[in-house]
Amino acid sequence: MHQLIWTGPLKTGKKHFKNMINFRYQLILLLLLTFNQVFAQQKVGKLITGSMVNPIGIDAPAPLLSWQLESNEHGFQQTAYQILVASTEANLLQDIADVWDSRKVSSITSLDVPYKGKTLKSKQRYFWKVRIWDQQDKVSSYSSVSFWEMGLLHETDWVGKWISAPRILDWAKFASKREEENVDEVFSAAPMFRKAFSIKGNVKSARFYISGLGYNVSYLNGKKISDHILDPAFTRYDKTVLYTTFDVSGMLQSGENVLGVVLGNGWYNMFTRAVWGFDQAAWRNIPTLIAQLEVLYEDGSKSSISSDDSWKVSAGPITFNSVFQGEFYDARKEVPGWNMAAFKDTEWPYALAVSGPLGVKKPQLIPPIRETAELIPKSVTEVGKGKYVFDMGRNIAGYARLKIQAPAGTEISLIYGERLSKTGEVDQEHIAMYSMDKPFHTDKYTCKGEGLETWNPSFVYYGFQYVEVHGLSAKPKLNNLTGIVVHTDLETAGKFECSNELFNQIQSNTRNSYLNNFHGFPTDCPQREKNGWTGDAHLAAEMGLYNFKSQQAYQKWLMDIVDEQRPSGEIPGIVPTAGWGYFFGNGPAWDSAFMLIPWYLYQYNGDKEILEKLYPHLKRYVNFLSTKADAEHIISWGLGDWCPAKTQTPVELTSTAYYFVDVQILSKIATLLGKTDDAAQYAVRADVIKKAFNKRFYKGNGIYGNGSQTSMACAIYQGLADENLEVTVAALVEAVKEKDYHLDCGILGTKYLLHALSDHGHADVAYRIVNQRTFPSWGYWISQGATTLWERWDGSASRNHVMFGDVSAWFYKALGGISPAKDGAGYKKILLKPYFQSELKWVKASHDSPYGQIQSNWENKNGVIKYSIVIPHNTTAQVHLPNLKGKKIYESNKLILKGNKDLKIVERSDQELVLETSSGSYSFNIK
């Protein structure tokens, strides 16, 4: 803060006048300097560490640092930056960078700058800030302070031991002291662990590190430590085990404290027999945990409370839990106060120290699974004596919350499903078909008879719209049962809406299905399988990245694929897997998730690090794929265009196309990483495959394969029809017209179709396909009451799949016009190319890119299109507008063709005007 004090005499005359002039000059100069400082402080906004804000418990040896810019100036660009990192916030506020000072770095980069300071230490918090220089070499003030905190980086940092409940003989001895229980019931119960300890002194900070497998709920002094559920996320436990870090500084109390942990079976102890064989998994064992509480006192002293065989353990009210079958809870077996200091645990047996899983412990950086909504049922219907069906109004993933008042011993059963039988009961036939153990997706609650009881399960989730309730003595009210929506809590990254309500409902259904199918990893469905099918994942990945901040979630799952990859390079069709995924479902059309998703992360998030990390694995996979090709470079292995509306497409066509795409992407990645020999080698191989594809599948007159929509769309979308492009596009349009502008594709072709048409001048045809309301179409599903996407166009299978969800990406790309430019990864350069469809009155699309929010909104009023865009700072955009003869385009009431300093015309034809813009807000009127 500058101060200016007038000390001259209050006199008149020339000298006084001169002094006053000097004072005023100084005052004006000071005001300008102060204004510049205030303005500059607005130029560096949000700070991000590895795509997270102020993360704790990370393990990156060189965290990636990013920041977003804020300014009132059009075209504001960064030309240099300086990052300061300190061990304390006090140091950083004094500009003492005792960990790293990058100095001034001439660079336009504000995304994923790698830390290059001192070696980072376990459990240490680091504080950082950044300032930047603009085009005039004016320096901003430093940003606000952000931080990151390291987790337990080395195995030796773990003081705690893996512990489990006593084995069956010891457990039975303890059980005999509890009259109403039998050995089998107690052994299958969810164990409750507790550890009492003392706090002496003033706590400065405290961290709780825990991995409780399969799932855990943790308490400190009777309160849940977090709102996480189904924690930690599923991994291949003999390769990777995730742990979670919690800041519990405010939860400790002076004197006696108690840690409590309840363990569920989850996927670690999957005993339910089903087709996929998880009950035979190599990692399977009884629930176990490792934990430690690290306490730092104000005086600098430390203490650690860690898991070992001094912890006590007991059976509790959760008598049974299985991800596929359900959860049983007997409220009469609750142990009041078990996780608080006053409780006496003298009769509880000690936990057993065990070897634990073989996997390497890594921090869980994916957003946690949480309860995100509570739904009041739409209706409740009596379907038989004592049997009532609650309709939640939409298909969700989660569980029900029961509120009941009934005598002790009353058993309430909750049966979950997504459709009803002809008699109005819940029908599980199509979702329980692959599970050999019963019941399926059923909760049981036994009342304790002490007033109003509220309960929901802790270690399961279901896909359902309906809940059939048994055991009630009278018709319940709507609020006796609510639907709890549960999924990985992904932050919204994009929004799309338009004047076509059908499209808005398709968008809503797609988002619902995506979230319903993310529970620590991307799944196919939340009811029948809950499997991480690779094909479903990559087909939905682009729409996922448009709508949600899914980067960390995909990074985690890609490392799951690494854990599953065999030495040969082969990967399974489901990830994680106990082995089944190697024998069915894999093949290029599915396995390409391993190539495509990291490539999408680079395109949409600028994530080059994931390419570097995965490169040797991707190369091994592509080389394996080559062994599956015949002498003519054709691959006939895989599932093909799964679930077509009617017409099948040859498997070898789609599989060979993905073979080409995978090799081509590997060549591009090699180029990015400076691996020139690899890049050249794989570019040659890609060209060979392309020629082989056309030789085998091109039939002439634009027809590929058997002439299906998928065949032509595949050749166009995958970049294989270069020499026959124009005639093939025409043939595709005719094929769509023959179906009365309906699609006739499976999950592969449906992704290709809309983009193949829109990208080659036929967005009107793609629009008509999406706008259909009769079979087969998204509108047909909605006419049948769908609130999610289905597995099959006729609705005969699962009704909560996301594999047909790329239509949402089409909304953003075609109608909103938003895409990352091919030469501008992570939206460093933005492509804006909306299709101004004449039937639409308006479109609103936005996306939170790594650089800030992109907006692309337009409305059509009386033949005049008003198109408004927002381009984030430190980026540029290429804007494509129609330039039909006789039409005029204005920006801010200035005719573009007469010049505008913020816009540069880079291409012009009778059909299109292409502009290059810098950052800022623009509004175009197209008359």
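See the structure above.
About the thresholds
Residues numbered from 1 in each chain as written. Predicted model: local features only at pLDDT ≥ 70, side-chain atom pairs only at ≥ 80, totals over all residues. Heavy atoms only, no water. Helix = DSSP H or I, 4+ residues; strand = E, 2+ residues; numbered from the N terminus. Buried < 20%, exposed > 50% of the residue type's maximum accessible area, 1.4 Å probe, protein only. Pairing = 2+ DSSP bridges. Axes fitted to C-alpha atoms, helices over the stretch in contact; angles between N-to-C directions. Left-handed = near helix turned anticlockwise from the far one by under 90°. Contact = heavy atoms within 4.5 Å. Nonpolar A, V, L, I, M, F, W, Y, C, P; charged D, E, K, R; others polar. Phe/Tyr/Trp six-rings, centres within 6.5 Å; stacked < 30°, edge-to-face > 60°. Lys NZ or Arg CZ within 6 Å of the ring centre and 35° of its normal.

Considerations on unusual backbone geometry
Right, on to step 1. The omega angle of the peptide bond from Lys438 to Pro439 is 0 degrees, so this bond is cis rather than trans.
Right, on to step 2. The residue Pro439 is located in the loop between strand 26 (411-417) and strand 27 (442-446) in this model.
Right, on to step 3. Cis peptide bonds are those with omega within 30 degrees of zero, and the linkage from Val575 to Pro576 qualifies with -5 degrees.
Right, on to step 4. Within the secondary structure, Pro576 sits in the loop between helix 7 (551-564) and helix 8 (588-591).
Right, on to step 5. Phi at Tyr741 takes a positive value of approximately 60 degrees, unusual for a residue other than glycine.
Right, on to step 6. Along the chain, the position of Tyr741 falls in the loop between helix 14 (725-738) and helix 15 (747-758).
Right, on to step 7. For Tyr827, which is not glycine, the phi dihedral falls at a positive 70 degrees.
Right, on to step 8. When its relative accessible area of 0% is taken as the criterion, Tyr827 is described as buried.

Notes on the sheet that holds strand 36 (residues 842-849)
Right, on to step 1. As summarised here, the arrangement of the 7 strands in space is 31-36-37-38-44-40-41, forming an open sheet in which the pairing is antiparallel. Strands at the two margins of the open sheet, each flanked by one partner only, are strand 31 (494-498) and strand 41 (894-895).
Right, on to step 2. As paired elements, strand 38 (residues 864-871) and strand 44 (residues 920-926) share 7 bridges and run antiparallel to each other. Bridge pairing in strand 44 places Ile871 opposite Gly920.

Some words on the packing of helix 13 (residues 709-717) against helix 15
Right, on to step 1. Between helix 13 and helix 15, the least distance of the axes is 8 Å, while the angle of their chain directions is 65 degrees. Note that helix 13 runs across helix 15; the crossing there is left-handed. In this structure, helix 13 uses Gln709, Thr710, Ala713, Cys714, Ile716 and Tyr717 to contact helix 15, whose residues at the interface are Gly749, Lys751, Tyr752, Leu753, His755 and Ala756.
Right, on to step 2. When the residues that make up the contact of helix 13 with helix 15 are grouped by side-chain class, the tally is 7 nonpolar, 4 polar and 1 charged.

Side note on the packing of aromatic side chains
Right, on to step 1. Throughout the structure, instances matching the rule amount to 62 aromatic pairs.
Right, on to step 2. Ring geometry for Phe234 against Phe521: centres 5.6 Å apart, planes inclined by 75 degrees, an arrangement best described as edge-to-face. Taken together, the residues span a long stretch of sequence, with Phe234 in the loop between strand 13 (223-224) and strand 14 (240-247) and Phe521 in the loop between helix 5 (501-516) and helix 6 (534-547) at a distance of 287 residues.
Right, on to step 3. Judged by its relative accessible area of 2%, Phe234 falls in the buried class.
Right, on to step 4. By relative accessible area, which is 2% here, Phe521 ends up buried.
Right, on to step 5. Seen from their ring centres, Tyr922 and Phe924 are 6.5 Å apart, and the 15 degrees between their planes marks the pair as stacked. The same class applies to Tyr922 and to Phe924, which are both buried.
Right, on to step 6. Grouping aromatic residues by their ring pairs yields a cluster made of Phe234, Tyr237, Trp267, Tyr268, Trp276, Phe278, Trp283, Phe324, Tyr434 and Phe521.
Right, on to step 7. The ring of Tyr142 carries Lys129 above its face, with NZ or CZ at 4.6 Å from the centroid.
Right, on to step 8. Its guanidinium or amino end placed over the ring of Tyr741, Arg768 lies 3.5 Å from that ring's centre, counting from NZ or CZ.

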